[in-house]
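Here is how the chains run, residue by residue.
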Amino acid sequence: MTPPRSAFGIPPQPGAAGGPAEPPPRRLLAGRGWTGVLVAVLFLSVVVPVLNLFVPEGSALHLSGFYVSLLGKILCYAICALAIGLIWGYTGILSLGHGLFFALGGYGMGMYLMRQIGSDGQYKSNLPDFMVFLNWKEFPWHWAWSDSFIGQMLLVILVPGLLAFVFGYFAFRSRIKGVYFSIITQALTFAAMLLFFRNETGFGGNNGFTDFKRILDIPIATPGMRVVLCVITGLVLVGFYLMSRAIVQSKYGRVLQAIRDAETRVMFTGYNPVAYKLSIWTLSAVMCAVAGALYVPQVGIINPGEMSPAAGIEMAIWAAVGGRATLIGPIVGAFFVNGAKSWFTVAFPEYWLFFLGALFIAVTLFLPRGIIGLLKRKGDSE
Amino acid sequence: MTVLKGLLGGLILALAGWAGNACALSPEQASRVADGSSDERIEALHLVLGTGDVTLIPFVTALLADEVKVSAGRAYIVRGEEVVEAGSGKASKLPEDAEDVVNNNRMRQALEGALAAFKLTSADRTERANAIETLKNTADEGLLGFLERAASTETDGDLKARLELLRASALISSGDKSRRLAAAELLASSNDPSTGSLLAEKLALESDPEVKAAMARSLDAVQTRLAWGERLGVLFTGASLGSILLLAALGLAITYGLMGVINMAHGELLMIGAYATWLVQSVFKTYLPQAFDWYIAAAIPASFLAAALVGAAMERSVIRWLYGRPLETLLATWGISLILMQTVRSLFGAQNVGVENPSWLSGGVQVLPNLTLPYNRIAILVFAALVLLGVVLLISKTRLGLFVRGVTQNRRMAACMGVNTARVDTYAFSLGSGIAGLGGCALSQVGNVGPDLGQGYIVDSFMVVVLGGVGQLAGTVYAALGLGVLNKLLEGWQGAVLAKIMVLILIVIFIQKRPQGIFAMKGRSAET
């Protein structure tokens, strides 16, 4: 049975499918787009710090620390959603395993933060508490770089990148695609989670890493640091957005979209889809890992729960809710779903899963192009 | 201080024991047995035991029931208000400073062993057999007299042989070399797994080369004989896991393999089947306790129907609109699974519920000395085979099966021939869901039933279907059994978690070689 062209669920974009493709626009963003980016950067780097740090606490305009951390957290999620949008929305690869890359990045940062605790832990030892608890005498080999910030940040990028590259190489080479690929990424994440749950792997087992004290020798649990991390995350997101925008508008990006719509035809036209898919897949994994590395110092904990298959599949829904056929959509989706989550889990904790489940169903049934699609349709009819 | 007391007590005891069998348990002896270090107490116990004095029985029973207190070299049996001095049997007053006697596990074993030793000469055969079983782990030289006396009067051949083995395991720690040698040779004929560990333990402690060689020979003989039991055991647990995987994956093979629908809520359909079983069981417990053993007969159709109905509702309301969009189906069904889980959690609570086995499913049949096959696992194997047979017949022989195959092969052509494809979809999806419900019913007999039950099986059952090849029931069967056995083999070698990881990695590698699974459908399509 040959699946129809819309097997990936992307309704053909006006002008893109069917008729001849419109020529790629030369400019990275339209004028309105640049304004939006500028507003976002200003909001993040000026308004948020001022409202949080300089507006007195009683004032109506004061932004509390809770909201700053929430914003920082959601910005990390938005990076993940953007990464998913690149591979799912633009290349047609649905990964349920991005939770793994996110957590790997987080663990990479976590290792560095654990080293920064120094001997201030419960047991006053140079080793992290959980290693003392396991009666280890020295750091295992994979902690060799963990005392250097630069080294560890390299690992944050290299380890998930390499894993994605190797896994992707084998998967794409044997032309595993569609749901097969999704399910295998899920199995990979599941296997990794089991591995990280074990104490012997040297990642703190069940409890993971927590109780961080410093980053770059600066205390981590201060309002100032909170704002700094949040701003950095926001700027990284904007940077990634512009990069993704450049990618999807390039010739390379056009090929990716062609692969999404009809991979076999692309192959018959003389392109090798493996190289395209592999490169975008690896890039997307690294973006997720960076998000994870930014996430951990802000929430102060990383444990194998972040790798659970449920976490990976939730990331996909962020992208779907916002509208994965655009780049801004996944970001909007991440804000919408996680904003709803933080409100629901406080207001009606028992109904959150009902809402999330209904969201999964409603979006796939009624909003295949997500919130952005809905807005655009309104805009078109006006 | 205690050591001195122990020595003194030992001396008194030795004298008392030497004085002859006639004298009853003395208060000093009783106190020696009740007070001191475990080693001293066990030594004292065996000294008294050697006399074969039956007055020891009530005292040991009281010790096991934690009814004994000690004070100033006297032991007292305290039952409510009544206080009796142990040994003399005189009623007395409990001294102020009396302390409870605490028995650790080793002491308890020794006490139970002592009680069992008295039963070795009982007139009842089962009682004697039980006594031998109890003594298996505690036999030592102190009981030798008892064992020899029992062996000399034993008439039953089987029990006599077991007594000999018991005597041998008592003798293997003897101080006398020739006795150890004889014991080591005797033990070679044992079929008991504990003999193997006993021999291995003693072998490590042994210094005499001759005895060492004899022990090693016997150990070898015992292990060769036991190895078969172990191998068969791994095979059986593997097949048992395989049959559970098969039940979980068979429904998926229909919905995914035949219909191309990714149902992430499949695990939750298992869970619904298990909860339906639990409900039926609770109804039987409350209203029909006399027929409780047969609640399974009602639970099987109930779990099938419950899951099939939920499946039909899912297909009609959601999945129907998503045919040909597999990635969307995946997300929507994941949403359904969240809702189903939360519904069950709200209705029945987040805790696991207890499903009791009917009495005829508990216990097991002993095939080899170290291999017992539990009845519930055997029942699931048989059940899985029957379900499989049913599905194969349904798909290959019935009109519905014909329609399902037709729609699978070419939906449009089937519709042109007058098949109501929409209805066939609903039926096939309900069938797959119902089979998942049956799987849940089977699972409830061997594992915990809770809202998260399905989550543990979803990855595994997808692996089975992917490995077996899409659209192939035969592939599903081979993949389920193969994965089950492979998993258990690796588990024995590397532990459960690493085994699971290795299996997943093996599957990924396997799919590299054969992307279409074990049994690929032959075709020439470039799009797969």
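Draft legend 1. Summary view of the overall build of chain B. When its secondary structure is counted, chain B shows 21 helices and six strands. Taken across its 528 residues, chain B has 48% of its residues classed as buried. Surface exposure of chain B reaches about 24,400 Å², of which carbon and sulfur atoms provide 61%.

Draft legend 2. View of the overall build of chain A. Across its full length, chain A holds 13 helices and four strands. In terms of overall dimensions, chain A is globule-like: its C-alpha atoms have a radius of gyration of 22 Å, near the 21 Å expected for 382 residues. Overall, the C-alpha framework of chain A stretches about 70 × 55 × 45 Å when taken along its three principal axes. Going through the 382 residues of chain A one by one, you find that 53% of them count as buried.

Draft legend 3. How the structure looks around the nonpolar core. Of all hydrophobic cores here, the largest spans 205 residues; its most connected members are Trp88(A), Phe209(A), Trp281(A), Trp318(A) and Leu331(B). Apart from residues no more than four positions distant in its own chain, Phe209(A) is found in contact with Tyr107(A), Gly110(A), Met111(A), Met114(A), Phe130(A), Trp143(A), Gly202(A), Phe203(A), Gly204(A), Gly300(A), Ile301(A) and Ile302(A). Counting 59 residues, the second-largest nonpolar core is a separate cluster that includes Ala30(B), Val101(B), Ala183(B) and Leu226(B).

Draft legend 4. Highlighting the packing of aromatic side chains. Residues and elements named next belong to chain A. Tallied over the full model, the rule gives 36 aromatic pairs over all chains. Geometrically, the ring pair formed by Tyr-271 and Tyr-276 is edge-to-face, given 6.0 Å between the ring centres and 75 degrees between the ring planes. Overall, the relative accessible area of 18% leaves Tyr-276 in the buried class. A ring pair is formed by Trp-343 and Phe-348, whose centres lie 5.7 Å apart and whose planes are at 85 degrees; its orientation type is edge-to-face. Taking relative accessible area as the criterion, Trp-343 reaches 52% and is therefore assigned exposed. An aromatic cluster is built from Tyr-107, Phe-130, Phe-139, Trp-143, Phe-196, Phe-203 and Phe-209, whose rings are joined through pairwise contacts. Taking the ring centre of Trp-88 as reference, the NZ or CZ of Arg-324 above it sits at 4.1 Å.

Draft legend 5. Quick peek at the domain arrangement of chain B. What the domain assignment lists for chain B is domain 1 (19-103) and domain 2 (233-360 + 372-521). Put simply, the middle of domain 1 of chain B and the middle of domain 2 of chain B, counted by C-alpha atoms, are 60 Å apart.

Draft legend 6. Quick peek at the interface of chain A and chain B. Tallying the contact residues gives 50 residues for chain A and 42 residues for chain B. Both sides together, the interface formed by chain A and chain B hides about 4,200 Å², and carbon and sulfur atoms give 75% of it. At the junction of chain A with chain B, the criterion picks out one salt bridge. With its nearest N and O atoms 3.1 Å apart, the salt bridge here joins Glu328(B) to Arg324(A). Applying the counting rule to chain A against chain B returns three residue pairs in polar contact (both at pLDDT 80 or more).

Draft legend 7. A look at unusual backbone geometry. All names here are of chain A. Positioned with a positive phi, Leu-216 is a non-glycine residue whose angle comes to about 50 degrees. Note that Leu-216 resides in the loop between β2 (214-215) and β3 (218-219). At Asp-217, a position not held by glycine, the phi torsion is positive, near 65 degrees. Structurally, Asp-217 is set in the loop between β2 and β3.

Draft legend 8. View of a nonpolar patch on the surface. Residues and elements named next belong to chain A. A cluster of nonpolar side chains, namely Leu-38, Leu-42, Phe-43, Val-46, Val-47, Val-50, Leu-53 and Phe-54, defines an oily patch on the protein surface of about 730 Å² accessible area. Structurally, the position occupied by Phe-54 is in helix α1 (residues 31-54). A relative accessible area of 64% means that Phe-54 is categorised as exposed.

Draft legend 9. Region of the structure containing the packing of helix α6 (residues 178-197) of chain A against helix α14 (residues 326-348) of chain B. In contact at an axis separation of 8 Å, α6(A) and α14(B) are set at 40 degrees when each is read in the N-to-C sense. As far as their axial angle goes, α14(B) and α6(A) are oblique. Mapping the contact onto sequence places Gly178(A), Val179(A) and Ser182(A) in α6(A) and Pro326(B), Leu327(B) and Leu330(B) in α14(B). Here the residues of the contact of α6(A) with α14(B) sort into four nonpolar, two polar and no charged.

Draft legend 10. Here's a closer look at the sheet that holds strand β2 (residues 74-79) of chain B. Residues and elements named next belong to chain B. Strand order in the open sheet made by the four strands is β3-β2-β1-β4, with antiparallel pairing throughout. The open sheet has two free edges, formed respectively by β3 (82-85) and β4 (99-100), since each of these has just one partner strand. Direction of pairing for strand β1 (residues 68-71) relative to β4: antiparallel, over a ladder of two bridges. From the neighbouring strand, Lys-69 faces β4, where its bridge partner is Asp-100. This element, helix α2 (residues 27-34), spans β1, β2 and β3 of the sheet and lies at about 80 degrees to β2. Across the face of the sheet, helix α4 (residues 56-64) comes into contact with β1 and β2 while running at roughly 70 degrees to β2.

Draft legend 11. Fine view of the side chain of Thr282(A). Residue and element names in this part refer to chain A. Tracing the backbone shows Thr-282 in helix α9 (residues 273-299). Overall, Thr-282 belongs to the buried group, its relative accessible area being 14%. Among the polar contacts listed, one links the side chain of Thr-282 to the backbone oxygen of Leu-278, at a separation of 2.7 Å. Other than its neighbours up to four places away in sequence, Thr-282 contacts Gly-161, Ala-164 and Phe-165.

Cut-offs used in this document
- Residues numbered from 1 in each chain as written.
- Chains lettered and ligands numbered in written order.
- Predicted model: local features only at pLDDT ≥ 70, side-chain atom pairs only at ≥ 80, totals over all residues.
- Heavy atoms only, no water.
- Helix = DSSP H or I, 4+ residues; strand = E, 2+ residues; numbered from the N terminus.
- Buried < 20%, exposed > 50% of the residue type's maximum accessible area, 1.4 Å probe, protein only.
- Areas by Shrake-Rupley, 256 points an atom, 1.4 Å probe, with all protein chains shown as cover.
- Rg over C-alpha atoms; globule rule 2.2 N^0.38 Å.
- Core = buried A, V, L, I, M, F, W, Y, C linked by side-chain atoms within 4.5 Å.
- Contact = heavy atoms within 4.5 Å.
- Phe/Tyr/Trp six-rings, centres within 6.5 Å; stacked < 30°, edge-to-face > 60°.
- Lys NZ or Arg CZ within 6 Å of the ring centre and 35° of its normal.
- Domains from an automatic or database assignment.
- Buried area = accessible area lost by both parts, 1.4 Å probe.
- Salt bridge = Lys/Arg side-chain N within 4 Å of Asp/Glu carboxyl O.
- Polar contact = N/O pair within 3.5 Å; in protein donor to acceptor, adjacent residues only side chain to side chain.
- Patch = residues over 30% accessible without salt bridge, like charges linked within 9 Å, V, L, I, M, F, W, Y side chains within 5 Å.
- Axes fitted to C-alpha atoms, helices over the stretch in contact; angles between N-to-C directions.
- Parallel < 35°, antiparallel > 145°, perpendicular 65-115°, else oblique.
- Nonpolar A, V, L, I, M, F, W, Y, C, P; charged D, E, K, R; others polar.
- Pairing = 2+ DSSP bridges.

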